[in-house]
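Observations on chain architecture
So you can see what is in the structure, the chains are spelled out below.
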Amino acid sequence: MDWKNEILLFFTNEGMNRRMVLIGSILLGCASGIIGTFALLRRQSLLGDAMAHAALPGVCLMFLITGLKDPFLFLIGACISGFTGALCVIGITRYSRLKNDTAIGLVLSVFFGVGIVLLTYIQQSGAGNQAGLNTFLFGKAASLLQEDVRVMVTMCGLIIFFIVLFYKEFKILSFDPNFGASLGFSIKFLDVFLTSLVVLTVMVGLQAVGVVLMVAMIIIPPAAARQWTEKLERMIIISAFIGALSGALGAILSTLIIKMPTGPVMVLVAAFFLGLSLFFAPNRGLLFSWYRRWSQKRKTRIENILKAIYKVGENSQNYERFIPLNEIKGYFSAPLWLLRLRLRILHLTALVEYHPQEVRLTSVGFEQAKNTVRKHRLWEAYLSNAMDIPHDHVHRDAEEVEHIFSPELTSRLEEYLDSPEHDPHGKSIPNVNGNNCNS
Amino acid sequence: MLSFFSQLQSHEIWIMVIGALVCSSCGLIGCFLILRKLALMGDAISHAVLPGIVLAVMMTGSLSSWAVFIGAGIIGVLTPFLIDTLQRSGRVQEDASIGAVFTVLFAIGVIMVTSIPHVHIDVECVLYGEIVWTPYDRLIIGGSDFGPQAFWVTGTIFLLNLAFVTFFYKELKVCSFDSQLAAAMGFRPKLMHYLLMAVVSITTISSFESVGAIIVVGMFIAPGAAAYLLTDNLATMLALSVVGGILCSVGGYGLAILLGGGVSVSGSMATVAGILFVLSLFFSPKYGLVFRFLRRSRLRSRLQKEHFYIDIYRITEGENTWVPILDLQKINQRKKTFDLIQEMMLAGMLEKEEESVRLSEKGFLHAQKLIRAHRLWESYMHKLGLPEDHLHRSADDVEHFISPQLCQEMAKDLDYPRQDPHGKPIPLIEEKG
């Protein structure tokens, strides 16, 4: 396979077709990313599925009535029946006791069934070849013609134009329609308008990637974009970007490198971006939340070890002494070798001084341990004094919060309790200034 | 109709029988999908199994083998698991995770079909199947013909579904309506969920060859949804959806013949399913739109009439003398007034003379009852502490629905008042007998 030739070909006259495919895919990804964002936020993602399937009878009827195979006429037919399908879903949900998902599934399959009946009826009556109808279902991204792309450019431009024009209105519709209504927006009109934009996008995309994969292009880029931000503007931009990028990569991968259908490759690229976003997005990403959870666990573990050493020191009123390991090992359920390993790590971070078989806190470690114990006992005092919880019920709770409380909260707690000296069990609450240290 | 049945040939009967088996197995399971808000799981699974099928075909080389069942079955259970995982990560909402999972799996399937040279699967056939050919694929064991293979496959699946629903009826019922209660009772709703999903995917796969994937989705939903609008009882719903499935099959085949025999039979079955649903959406006695509309308009006209009695009563205030129609027209619209007068005269509640009307004895008694209910309610609300200027509106709404017993109780509680809080007299009604 000669890559260079392939790439060169792309820019010559013979590459016209490929350029068309690329442009079409990018535009489609962009438009569906934008529209999909609103669909996702309004929980209408799967409405697109129903619309896409509902397009079939419209296309067939258009062909039966006019007898022409004009992509623009097909588009109009598809839009009309897709919109009817969407209205049916909304109507069934509103006027019967069926739920949204049932209504979607129902409309999807019944419209599609009717469409297949019409399609086979056309075939039976022998009205020429039906390639136009079949590709409408399964897409023909790899063979988009110039006029197809022209229709797509117009439609996508129209969609983006309307979104920009009605941005404020659509935003309010997506987040708080009741508030919008109270501001005097006609929510019903906006709802119908946005739904028809979704229909338009789906229908434009059907030509390129087909029914099922168009649904994916509406759902996946916005779902990926959702991971990166909490702001609508940014979400739309990211989603459009991911959509466009999937379109571009899908088109390039499928035409230049491997001979594969463009639509599915586009969807897989988008899915790859969704996976990336799920794992690596800051804040919401799985990796970050795993890291947060792990570091909290680690912090808890360290503080528990320091606390155990502190307590042994407290019992003998001597925090300076090296403590033999078997005096503290009773505090842990972990095996001895693991405890040794952890102590060695703490030694490296200068929180303890650890020699084989014995350990003591460094001054940094001592401060940290004292702080933990302070939080623990202050919380116990709070629960028992202010909340009237019996003594023997406070320890478990304090064991958890001691690793979480911030210094501000701790000092406020102390203030509130009027700087108590002892916790409910009679143990002394260490002070920040370190007076309890007898060194 | 009769001639349609008498002219049937054996292969036509087979088509209808196989269709009925598929439709009713789907309908049976579909009821639980609808109740558990999982209706789209059927859609998702039926698309997502494509890579499983392709993989099985790649390994065994034929579309009709047990490997296909296994391959598709594994993906069929994997799909809801993936959807659940994506959803429970809390990062993708429910509908989006369904949409993302099945479309991606479908995309993988399409790529596998097109890029692997020696696999020949007609994706269209998988998606919308062709039941017409099923009677010719016979099951032949030891040289003797046991009927179409599809009959045995779909028959087995139907029995399996029936057994599943019967055997786990109690568990499915509790899990569908209150999964927390089910967990508390020790029924393991999660296990039931995945069992149900497994049954859904097996049913879907077995139906591919006969009716095609997308029609299966319709059969999962339409009969159950129609039944759901007809009844409140789970067992009845299940039975109705089986009946609905059979109707879809027979009606679908009939429709296909009607359109010239060349149209897709499975498509017509879905069309008939849609028609059945629309019928039950409109004409279900309890939840149907038509009857709900009728009930509402009947109520509206009753309220209108009752307000008219009250208007007449108020003008004469207890005297029941002649009232000029002009006075009534001040309160109601002109045309409506005439209509109401006509209607009430027919019912014998009103007498008319020249340009005046008067309530008949029967009508007067009815008006008295309404006014009594209205004013007693006002007094009662007043006693409860509602300010005087807030009483009228609520009494106006409530007066039509207060039973004589309630009136009696209120009067007793208020120590048989003679006047309402506005100082108007509360009419007394002499009980007969």
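Since this is a predicted model, take the numbers as computed values, not measurements.

1. Some words on the overall build of chain A
For chain A, the helix and strand inventory stands at 19 helices and 3 strands. Sequence separation of 24 or more characterises 70% of the internal contacts of chain A that already satisfy a separation of 6 or more.

2. As for the overall build of chain B
The secondary structure content of chain B amounts to 20 helices and 5 strands. Over its C-alpha atoms chain B spans a radius of gyration of 32 Å, topping by over 25% the 22 Å that the globule rule assigns to 433 residues. Taken along the three principal axes of its C-alpha coordinates, chain B extends 95 × 55 × 40 Å. Every one of the 433 residues in chain B was classed for burial, and the buried ones make up 45%. Pairs at least 24 residues apart make up 68% of the contacts formed inside chain B by residues separated by at least 6 positions.

3. So, the interface of chain B and chain A
In this complex, chain B contributes 50 residues to the contact, which on the side of chain A involves 45 residues. When contributions to the side of chain B that touches chain A are tallied by element, the ones reaching two or more residues are α3 (39-48), α6 (94-115), α12 (213-230) and α14 (265-283) of chain B.

4. What to know about the sheet that holds strand β3 (residues 323-324) of chain B
Residues and elements named next belong to chain B. Reading across the sheet, the 3 strands line up as β3-β5-β4 and stay open at both edges, with antiparallel pairing between neighbours. Each of the sheet's edge strands pairs with one partner strand only, and the pair in question is β3 and β4 (350-353). With 2 bridges joining them, β3 and strand β5 (residues 356-359) adopt antiparallel strand pairing. When the sheet's bridge partners are listed, Pro324 is paired in β5 with Ser356.

5. A short note on the packing of helix α4 (residues 71-95) of chain A against helix α10 (residues 187-209) of chain A
All names here are of chain A. Contact pair α4 / α10: the axes reach a minimum separation of 9 Å and the direction vectors enclose 135°. Here α10 runs oblique to α4, going by the angle between their axes. For α4 against α10, the interelement crossing comes out right-handed. Between α4 and α10, the contacting residues are Pro71, Leu75, Ala78, Cys79, Gly82, Phe83 and Ala86 on the first element and Thr195, Ser196, Val199, Leu200, Val202, Met203, Leu206 and Gln207 on the second. Its residues assigned to classes, the contact of α4 with α10 shows 11 nonpolar, 4 polar and no charged.

6. Topic: the sheet that holds strand β3 (residues 358-361) of chain A
All names here are of chain A. Taken in spatial order, the 3 strands of this open sheet run β1-β3-β2, and their pairing is antiparallel. Two strands in the sheet have a free side with no partner beyond their single neighbour: β1 (323-324) and β2 (352-355). In terms of strand pairing, β1 meets β3 through 2 bridges, oriented antiparallel. Bridge assignment links Ile323 to a residue of β3, and that residue is Val359. Contacts from helix α14 (residues 286-315) reach β1, β2 and β3 within the one sheet, and its direction differs from that of β3 by about 90°. Its contacts with the sheet place helix α16 (residues 336-348) against β2 and β3, and it is angled at close to 130° to β2.

7. Digging into the confidence of the model for chain B
Here chain B averages 83 in pLDDT, and 92% of its residues register 70 or above. Across the assembled chains, the prediction reports ipTM 0.83 with pTM 0.80.

8. Brief notes about the domain arrangement of chain B
If you check the domain split of chain B, you get domain 1 (2-287) and domain 2 (290-433). The centre of domain 1 of chain B, based on its C-alpha atoms, is set 57 Å off from the matching centre of domain 2 of chain B.

9. Description of the domain arrangement of chain A
Much of the literature gives interface size as the accessible area that the parts lose upon coming together. Domain assignment breaks chain A into domain 1 (3-281) and domain 2 (290-416). The gap between the C-alpha centroids of domain 1 of chain A and domain 2 of chain A is 57 Å.

10. What to know about the nonpolar core
Proteins that are soluble and globular tend to have nonpolar side chains buried together. A:Val107, A:Ala216, A:Met217, A:Ala270, B:Ala100 and B:Val101 are the most contacted members of the largest nonpolar core, which totals 198 residues. Considering every element that reaches this core, the biggest residue donor is helix α2 (residues 10-35) of chain B, with 16 residues. Excluding anything up to four places from it in sequence, B:Ala100 contacts A:Ala216, A:Ile219, A:Ile220, A:Ala223, A:Leu274, B:Leu86 and B:Val92. Among the nonpolar cores identified, the runner-up in size contains 20 residues, and A:Ile305, A:Leu351, A:Val359 and A:Phe366 belong to it.

11. Re the environment of B:Pro80
Residue and element names in this part refer to chain B. If you trace the backbone, Pro80 turns up in helix α5 (residues 66-88). Residue Pro80 is classed as buried on the basis of its C-beta count, with 23 C-beta atoms lying within 10 Å. Those residues in contact with Pro80 that lie beyond four places of it in its chain are Met41 and Met197.

12. With respect to the environment of A:Arg344
All names here are of chain A. Relative to the helices and strands, Arg344 resides in helix α16. Overall, the presence of 12 C-beta atoms within 10 Å leaves Arg344 in the exposed class. Separated by 12 residues in sequence, Arg344 and Pro356 have C-alpha atoms that sit 9.2 Å apart.

13. What to know about the pairing of strand β1 (residues 138-141) of chain B
Within a regular strand, side chains alternate between the sheet's two faces. As paired strands, β1(B) and strand β2 (residues 144-148) of chain B are joined by 3 bridges and run antiparallel to one another. Bridging from a neighbouring strand, B:Arg138 pairs with B:Pro148 of β2(B).

14. Digging into unusual backbone geometry
Of note in this structure, A:Ser419 is not a glycine but carries a positive phi near 40°. Mapped onto the elements, A:Ser419 comes out in the segment after α19 (407-416). Within the chain, B:Lys37 stands out as a residue other than glycine whose phi angle is a positive 55°. Secondary-structure assignment places B:Lys37 in the loop between α2 and α3.

15. Topic: the pairing of β3(A)
Residues and elements named next belong to chain A. By the alternation rule, side chains of β3 split into Val359 and Leu361, which are all buried, and Glu358 and Arg360, of which none is buried. Here β2 runs beside β3; their pairing, made up of 4 bridges, is antiparallel. Looking at β3, one finds that His355 is bridged to Glu358. Following β2, the chain reverses through 2 residues before pairing antiparallel with β3; Gln357 in that reversal takes a positive phi of roughly 80°.

16. Looking at the confidence of the model for chain A
The pLDDT averaged across chain A works out to 82; a share of 90% of its residues lies at or above 70. Counted against residues more than four places away or in other chains, residues 434-439 of chain A, with its pLDDT under 50, gives 10 contacts.

17. Comments concerning the packing of helix α15 (residues 289-316) of chain B against helix α18 (residues 361-383) of chain B
Residue and element names in this part refer to chain B. Running from N to C, α15 and α18 cross one another at 95°; their axes reach a closest spacing of 9 Å. Classified by the angle their axes make, α15 and α18 are roughly perpendicular. Residues Glu306, Tyr309, Ile310, Ile312 and Tyr313 of α15 touch α18, and the partners they reach there are Gly363, His366, Ala367, Leu370 and Ile371. Grouping the constituent residues of the contact of α15 with α18 by class yields 7 nonpolar, 2 polar and 1 charged.

Cut-offs and rules
- What you see as residue numbers is a count from 1 along each chain, following the sequence as written.
- For naming, the first written chain is A and the first written ligand is 1, with later ones following in the order written.
- For this predicted model, a pLDDT threshold of at least 70 governs which residues receive local features, and a threshold of 80 or more governs which side-chain atom pairs are given and counted, while totals over whole chains, interfaces and linings are taken from all residues.
- Numbered from the N terminus, helices here are DSSP runs of H or I no shorter than four residues, and strands are runs of E no shorter than two.
- Any residue pair is listed as a contact if its two C-beta atoms, each placed from the backbone, are within 7 Å.
- Radius of gyration here uses only the C-alpha atoms, and the compact-globule reference equals 2.2 Å multiplied by the residue count raised to the power 0.38.
- Put simply, a residue is buried when 20 or more other C-beta atoms lie within 10 Å of its own C-beta and exposed when 12 or fewer do; between those, it is partly exposed, and each C-beta is set from the backbone.
- Here a strand pair is declared whenever DSSP counts at least two bridges between the two strands.
- Every angle, taken between N-to-C directions, lies between 0 and 180 degrees, and every axis is a line fitted to C-alpha atoms, over only the stretch in contact when it is a helix.
- Here the angle decides the label: under 35 degrees means roughly parallel, over 145 means roughly antiparallel, 65 to 115 means roughly perpendicular, and every other value means oblique.
- When the near helix sits turned anticlockwise from the far one by under a right angle, the crossing is termed left-handed; a clockwise turn instead gives a right-handed crossing.
- Under this grouping Gly is polar, as are all residues other than the nonpolar Ala, Val, Leu, Ile, Met, Phe, Trp, Tyr, Cys and Pro and the charged Asp, Glu, Lys and Arg.
- pLDDT measures how confident the predictor is about each residue, on a scale from 0 to 100.
- An automatic or database domain assignment provides the domain bounds reported here.
- Only buried Ala, Val, Leu, Ile, Met, Phe, Trp, Tyr and Cys residues enter a nonpolar core, and they are joined through C-beta atoms within 7 Å.

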